Amino acid sequence: SLFLHTRKKMRLLLFLIIFQCAINSVKTHSASNPNFILMMADDLGIGDLGCYGNRTLRTPNIDRLAGEGVTLTQHIAASPLCTPSRAAFLTGRYAIRSGMAAFSRVGVFLFSASSGGLPSEEITFSKLLKQRGYATALIGKFWHLGMNCESSNDFCHHPLSHGFDYFYGLTVTNFRDCKPGQGSVFLKGVQKSLIIPIQITGITLISLAIVHYVGILKVPFRALGYCLLITTILLAILILFFYNFRHMNCFLMRDHHVIQQPLSYENLTQRMTKEAVQFIGRNSDAPFLLVLSYLHVHTALYASKNFRGKSNHGLYGDAVEEMDWSVGQVLDVLEKYHLSDKTLVYFTSDQGAHVEEISSSGEVHGGYNGIYKGGKSTNWEGGIRVPGLLRWSGVIQAGAYVDEPTSNMDLFPTIVKLANAQLPADRIIDGHDLMPLLQGKVTRSKHEFLFHYCNAYLNAVRWHPRNSESVWKVFFFTPNFSPEDSNGCHDSHVCFCHEGFITWHDPPLLFDLSRDPEEKVVLTPETETRFYEILRVINLAVDNHTRSLRAVPDQLSWDNLLWKPWLQLCCSSLFESCYCDYDSEGSLLGGHSG
């Protein structure tokens with residue numbers, strides 16, 4: 001009987017050991033293969049959120065993320081412009097490495113029928129997670145990284161060619177031109193660009209006519225007439241193109257198919273939120289990656305009926321509060337399927353607020369960057385310091401703050417490692433794994449240096465010495481604000497990186513962000529004894545960084561940026577103005593089952 005009793009005890013002990021191993025296995029699986037929801041706003045200011053100090057806009061759901069997770073207070077976008085920032089986010093690499101940083105004045109893709117885009121050789125986190133068996137979806141505006149190369153259906157740059165199983169959204173961006181009554185960014189730009197050439201052409205033609213009339217020089221009137229006719233035709237085609245821009249460029253896609261052309265803003269956020277919620281529901285039993293990229297709060301601003309006129313900050317505030325509602329819907333569906341402790345949730349913005357955005361009626365349509373100087377398209381802190389919120393219930397700290405330099409490029413190695421995928425060994429990855437910081441295992445960021453590019457030009461460098469609390473930042477050149485005493489480039493609508501729009505500094509401007517985050521006090525050899533030593537270390541880092549760069553095709557060259565008619569997507573025909581709507585309520589909305 002003693003023998004039998006001992007055997008029973010042994011069996012019980014063995015059962016408990018096996019049971020514990022099974023539990024540990026489940027926990028390990030959950031911790032090593034979590035779901036990922038990455039939410040990105042467009043042009044949202046860090047000062048627009050309650051968790052970053054705003055007291056007049058209501059963002060309870062985004063603030064909830066902060067309360068239940070980690071708030072990064074020095075989270076830096078890899079670029080102050082959409083295209084390079086998003087390319088860096090997806091690949092974990094500075095955009096200059098993939099050719100997604102422009103040497104021309106235009107730093108983003110403007111047309112869906114351009115041939116440039118994120119090269120197929122680039123490895124995105126979505127590609128690596130898909131290889132690991134993850135369901136992957138991109139919903140919203142996110143892309144802005146090209147679509148076709150040589151034909152209107154090769155989709156070489158499309159999200160589905162970069163690791164996403166499912167796409168619902170816009171391939172370019174949200175322009176004022178896309179929403180009737182909001183004005184035209186392009187016509188305004190064309191008018192500014194053409195006014196001098198038109199004046200020169202007019203003066204030349206009149207001068208030739210006078211010279212011919214006086215008899216000094218005989219000019220064939222037929223040649224003059226042809227010149228005038230060709231100029232008029234070209235001008236008419238250009239104006240006609242931009243007046244039809246909405247139909248050509250503003251459309252909604254599901255996977256490879258155009259489902260709404262032109263785009264309708266009616267309940268657009270609700271439609272995108274519904275797509276996100278349904279994707280989570282379809283994949284609640286398997287690991288998934290969802291990138292949810294809001295059109296909010298890039299102009300053209302919009303808000304649905306339930307939110308219009310409800311905030312204290314006009315249409316901009318309405319859009320922020322509607323986006324916050326959408327974030328709440330996503331968090332609620334995670335709770336519904338008991339996925340909160342299995343899902344890493346991230347919220348950010350692609351760059352800072354566009355401070356120059358003002359409507360034709362004078363209403364401010366740009367956001368608030370808090371205490372930080374400048375905004376979108378500049379490397380002042382207001383242009384690159386963005387919200388950074390991460391939540392993973394039970395795994396990372398709740399209600400914690402990290403005041404170390406981090407980058408949106410850090411998401412690449414973080415989620416790739418958590419998914420047990422291999423980081424590419426054949427290329428430099430500029431991001432660093434965030435998990436040690438998020439779990440409080442370390443207190444220092446691995447980013448000793450961060451390089452701030454204005455398009456393809458190295459504009460500024462951040463240095464956080466390993467043995468110091470200081471965060472030094474140097475500017476090699478700065479944008480010329482207009483008016484001079486303002487906080488942006490209001491005369492040109494955005495700041496540029498080229499001669500005539502910038503001021504070079506020799507020696508570079510030096511700031512200590514740990515004491516002066518507003519970048520108000522320029523340090524000099526008289527006020528900072530280590531001035532030249534700091535510049536020496538930073539210049540050495542710049543040399544090392546520059547040597548690590550490789551020549552790659554320029555995806556934002558003029559040739560790649562220009563509109564190409566043979567790449568234009570049209571869901572009906574040009575004679576029908578490329579019109580279709582398969583995404584209205586009761587039609588295809590929510591009809592995807594894959």
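Think of each chain on its own: its residues are numbered from 1, step by step along the sequence as written. Two thresholds apply to this predicted model, a pLDDT of at least 70 for residue-level local features and 80 or more for giving and counting side-chain atom pairs, whereas whole-chain, interface and lining totals are computed over all residues. With hydrogens and water excluded, all non-hydrogen atoms of the structure serve as input to the side-chain values.

Going by what an unreviewed UniProt entry lists, the protein is known as STS sulfatase and is assigned to Halcyon senegalensis. UniProt positions are given in the numbering used here, feature names are shortened, and annotations may be inferred rather than shown by experiment. Taken verbatim from the UniProt record of the protein, the Cofactor (unreviewed entry) comment is "Ca(2+)". The record in UniProt for the protein states the following under Sequence similarities (unreviewed entry): "Belongs to the sulfatase family."

Help me get a handle on the overall build of the protein, residues and values and all.
For helices the rule is a DSSP run of H or I covering at least 4 residues; for strands it is a run of E covering at least 2, with both sets numbered from the N terminus onward. If you tally the helices and strands in the protein, you get 14 helices and 17 strands. Exposed residues in this analysis have more than 50% of their type's maximum accessible area, buried residues have under 20%, and partly exposed residues fall in between, with area computed by a 1.4 Å probe over protein chains only. By residue count, 57% of the 594 residues in the protein fall in the buried class. Contacts were defined at the residue level, with two residues in contact if any of their heavy atoms lie within 4.5 Å. A separation of at least 24 residues holds for 74% of the contacts in the protein among residues at least 6 apart in sequence. The accessible surface values rely on the Shrake-Rupley method and a 1.4 Å probe; as for residues, cover is taken only from the protein chains in view. Carbon and sulfur atoms make up 60% of the accessible area of the protein, which amounts to about 25900 Å² in all.

Describe in detail helix α8 (residues 268-282), supporting the description with residues and values.
Because the α-helix completes a turn every 3.6 residues, residues three or four places apart line up on one side. Taking 1.5 Å of rise per residue, the 15 residues of α8 would be expected to cover 21 Å, and the 21 Å separating its terminal C-alpha atoms lies within 8% of that figure. Every buried residue of α8 is listed here: Leu268, Thr269, Gln270, Arg271, Met272, Thr273, Glu275, Ala276, Phe279 and Ile280. Expected span of a helix: the number of residues minus one, times 1.5 Å.

Would you mind going over the pattern of salt bridges in detail, with residue names and values included?
The salt bridge definition used is simple: a Lys or Arg side-chain nitrogen within 4 Å of an Asp or Glu carboxyl oxygen. What the rule picks out here adds up to 27 salt bridges. A salt bridge links Lys473 to Glu381; the shortest N-O distance between them is 2.7 Å. Of the two residues, Lys473 sits in strand β15 (residues 472-479) while Glu381 sits in helix α10 (residues 381-384), which places them 92 residues apart along the sequence. Between Arg427 and Asp426 there is a salt bridge; the shortest N-O distance is 3.0 Å.

Describe the packing of helix α2 (residues 60-68) against helix α9 (residues 314-336), and please don't skip the residues or the numbers.
A packed helix pair is summarised by two numbers, namely the angle formed by the two axes and the spacing between the axes. One way to put it is that α2 packs onto α9 with a least axis distance of 7 Å and a crossing angle of 55°. If you check the angle between α2 and α9, you find them oblique. Two secondary-structure elements touch here, α2 through Pro60, Asn61, Ile62, Arg64 and Leu65 and α9 through Asp324, Trp325, Val327, Gly328, Leu331, Asp332 and Glu335. To get an axis, fit a line to the C-alpha atoms, keeping to the stretch in contact for a helix; angles then go from 0 to 180 degrees between the N-to-C directions. Each angle receives one of four descriptions, namely roughly parallel if under 35 degrees, roughly antiparallel if over 145, roughly perpendicular if within 65 to 115, and oblique otherwise.

How would you summarise helix α3 (residues 82-91) if you had to cite specific residues and measurements?
Of all 10 residues in α3, 10 are buried; the element is thus mostly enclosed. Residues of α3 that are buried include every one of Cys82, Thr83, Pro84, Ser85, Arg86, Ala87, Ala88, Phe89, Leu90 and Thr91, and no others. Along its buried surface, α3 packs onto β1 (35-41), α4 (125-131), β8 (288-293), β9 (343-349) and α11 (411-418). After α3 finishes, the residue Gly92 shows a positive phi value of roughly 75°.

Describe in detail the environment of Cys250, supporting the description with residues and values.
Its place among the elements puts Cys250 in the loop between α7 (245-249) and β6 (252-254). Cys250 gets classed as buried once you look at its relative accessible area, which sits at 1%. Each C-alpha atom, one on Cys250 and one on Phe175, is 8.1 Å from the other, the two residues being 75 residues apart in sequence. Excluding anything up to four places from it in sequence, Cys250 contacts Cys178, Phe245, Gln260, Gln261, Pro262 and Leu263.

Could you give an account of the state of the cysteines, with specific residues and numbers?
Disulfides are defined as pairs of cysteine sulfur atoms found within 2.5 Å of each other. For the structure shown, the criterion picks out six disulfides. The partner cysteine of Cys149 in its disulfide is Cys156, sulfur to sulfur 1.9 Å. What sets the handedness of the Cys149 and Cys156 disulfide is the S-S torsion sign, and at about 100° it is right-handed. Note on Cys149: relative accessible area 29%, which makes it partly exposed. Paired by a disulfide, Cys178 and Cys250 hold their sulfur atoms 2.0 Å apart. The S-S bond linking Cys178 to Cys250 shows a torsion near -70°; that makes this disulfide left-handed. Highlighted residues: Cys178 in the loop between β5 (166-169) and α5 (185-214) and Cys250 in the loop between α7 and β6, separated in sequence by 72 residues. Accessibility assignment for this pair places Cys178 and Cys250 in one class, buried. With cysteine numbering restricted to those in disulfides and following the sequence, the protein has the pairing 1-2, 3-4, 5-8, 6-7, 9-11, 10-12.

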